[in-house]
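Reading the structure
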Amino acid sequence: MTSLQIQYFLAVAEYMSFSQAAEALFVSQPSVSRQIKLLEDELGCRLFDRTQKNHIRITPAGILFRESFQSAARSVEAAHTAVKALASPSPLQLRVGIGAGWDLSEELRQFRSVVLRQYPQATLHFECGTFRSLRQKLQANELDVTMCTKTSVMDFDGLEIHQIASLESRAYVRRGLLRPEDEPLQIEDFAGKNLFMLEEKESPMAMELALLQFQARNITVNPVWVPDRETMFQAVLLGDGFTVIDQYTYWRNEPRLSFCRLDDQVPICIVWRTGDNNPLIELLTDTLVRIFPWEVS
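Residues numbered from 1 in each chain as written. Predicted model: local features only at pLDDT ≥ 70, side-chain atom pairs only at ≥ 80, totals over all residues. Heavy atoms only, no water.

1. A few points about the overall build of the protein chain
A tally of regular secondary structure across the protein chain gives nine helices and ten strands. Relative to the 2.2 N^0.38 estimate, which gives 19 Å for 297 residues, the radius of gyration of the protein chain is 26 Å and therefore markedly larger than a compact globule would have. Expressed along its principal axes, the backbone C-alpha trace of the protein chain runs to roughly 75 × 50 × 35 Å. Going through the 297 residues of the protein chain one by one, you find that 45% of them count as buried. Considering only contacts within the protein chain whose residues lie at least 6 apart along the sequence, 74% involve residues at least 24 apart. With an accessible surface of roughly 15,700 Å², the protein chain has 50% of that area assigned to carbon and sulfur atoms. Computed over 30 positive and 38 negative side-chain charges, the inter-centroid distance for the protein chain is 5 Å. (Helix = DSSP H or I, 4+ residues; strand = E, 2+ residues; numbered from the N terminus. Rg over C-alpha atoms; globule rule 2.2 N^0.38 Å. Buried < 20%, exposed > 50% of the residue type's maximum accessible area, 1.4 Å probe, protein only. Contact = heavy atoms within 4.5 Å. Areas by Shrake-Rupley, 256 points an atom, 1.4 Å probe, with all protein chains shown as cover. Lys, Arg positive; Asp, Glu negative; His and termini not counted. Charge placed at Lys NZ, Arg CZ, Asp CG, Glu CD.)

2. Some remarks on the pairing of strand β7 (residues 194-198)
Burial of β7 is extensive: four of the five residues sit out of reach of the surface. After leaving β7, the chain enters helix α7 (residues 206-215) and then returns to the sheet as strand β8 (residues 222-226), a path that is right-handed. Pairing analysis gives two bridges linking β7 to strand β9 (residues 242-246), with the strands arranged parallel. Bridging across to β9, L195 finds its partner in F242. (Right-handed = clockwise from strand over helix to strand, strands pointing away. Pairing = 2+ DSSP bridges.)

3. Observations concerning the nonpolar core
Within the largest apolar cluster, 46 residues are counted, with the highest numbers of intra-cluster contacts made by L94, W102, M147, I270, L280 and L284. Looking at which element gives the most residues to this core, the answer is strand β10 (residues 257-273), with seven residues. Contact partners of W102, with chain neighbours within four places excluded, come to F131, M147, C148, T149, R229, D246, Y248, T249 and I268. (Core = buried A, V, L, I, M, F, W, Y, C linked by side-chain atoms within 4.5 Å.)

4. Describing the pairing of strand β3 (residues 93-99)
For β3, a buried count of six out of seven residues is recorded, marking the element as mostly surrounded by other parts of the structure. As paired strands, β3 and strand β4 (residues 123-129) are joined by seven bridges and run parallel to one another. Considered in β4, the bridge of L94 is made with L124. On the question of chirality, the crossover connecting β3 to the parallel β4 by way of helix α5 (residues 105-118) is right-handed. Alignment of β3 against strand β5 (residues 145-149), held across three bridges, turns out to be parallel.

5. A closer look at the confidence of the model for the protein chain
Confidence along the protein chain averages 85 in pLDDT terms, with 93% of residues attaining 70 or more. Mean pLDDT in the protein chain bottoms out at helix α4 (residues 60-87), which sits at 75, and peaks at β8, which reaches 95. (pLDDT = per-residue confidence, 0-100.)

6. So, helix α1 (residues 3-15)
For α1, with 13 residues, the first-to-last C-alpha span of 18 Å sits near the 18 Å given by 1.5 Å per residue. Buried within α1 are the following residues: Q5, Y8, F9, L10, A11, V12 and A13. Phi turns positive, to about 55°, at M16, one or two residues after α1. (Expected span 1.5 Å × (residues − 1).)

7. Some points on unusual backbone geometry
We note that M16 has phi near 55°; this positive angle belongs to a residue other than glycine. Along the polypeptide, M16 turns up in the loop between α1 and α2 (18-25). Under the relative-accessibility criterion, M16 is labelled partly exposed at 30%. Although it is not a glycine, F26 sits at a positive phi angle of roughly 60°. Structurally, the position occupied by F26 is in the loop between α2 and α3 (29-43).

8. Some thoughts on the sheet that holds β9
Spatial ordering of the open sheet is given by β4-β3-β5-β10-β6-β9-β7-β8, a layout of eight strands whose pairing is mixed. One side of each edge strand has no neighbouring strand; the edge strands of this open sheet are β4 and β8. Looking at each pair of strands side by side, their axes are set apart by 30° on average, direction ignored. Its contacts with the sheet place α7 against β6 (159-174), β7, β8, β9 and β10, and it is angled at close to 145° to β7. (Axes fitted to C-alpha atoms, helices over the stretch in contact; angles between N-to-C directions.)

Here it is in C-alpha cells:
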C-alpha cells in the first residue's frame, strides 16, 4: 500500500468517477484504475462496485477504508504542519480576543497546555474587549481570532465563523426586585420591565433575538440599548431593569442577582479572517469543542 494509491482512492471516492479523479490529479485514467486495482488486491476486497456501465458505487468496505484513510491523511498533514512550525525561524503565534464579561481562564489555561505540547515555540496572547473593538482588531490584523456571540458577527463579510457551543439563555435581575428572594422567577414577572441589551453596533442581533423570547409568550418589555456589558451589569444591580445573557457571564454567581432560565440558547463562536491558515486556530477550535459544552451551575 502506498500513499499514491491512497491519494488516488480518496480522489475516486470524492468524485465517484475514475475519469474525473484522473483529471483532478492530472494523470491518465488507466493510471488511476491500475493503482486502485493494486490497492484492492492488497486489501483483499473491492472498494468500488463497477458492475453498472458508466457508474460506480463505493462498497461498504470502501466506506470504512475511506474514513480510515481520511483520518490518516489529516494526521499526516497535521504532523507536516507541526514540523514546519518547529523548523521555522518565526515561531507560530496566536492573538486571541475574548468578549468582555466571560470567565474563561480555566479553558484557556487548558488550551495553552495543549499548544505548548504540540508547538513548544509558539506564543499566545489573550486580551478582552467589547465585541465591536475585537471585531475591529480582527479585521485590522491586530488579532488572529476572537471568541464572541454569533449575534455580534452575523452581518460582517470576510470572516470565518465556527460555532463551538450553545449556552443557556438567562434573564438576570436584582434579587428580590420582582418576587420575594426565596421564590423562583417566572418569565411573566418581566412584563413591562426595562430590558438592557448591547447596542446594535456592538451586537447587531442581540436585542432582536432577546425580544423574540418574550414576544413568543405575548410579554411586552421595554428595550434599552447599552454600550457594553459593564453598563448592563450596573443597571441591573441598581434595579433599573433586567438583561438576557448567557450562563457563562463572570457575574453568574453574583449573590445580589437572580435569574430565570429561558428557552432560547446563545451561540458562541470562534471567528477569524477568511484565508488565515494558522494551525493554532484549528487547534483552539478543536480544543474548546472538546472541553466544553460549558456546563455551569
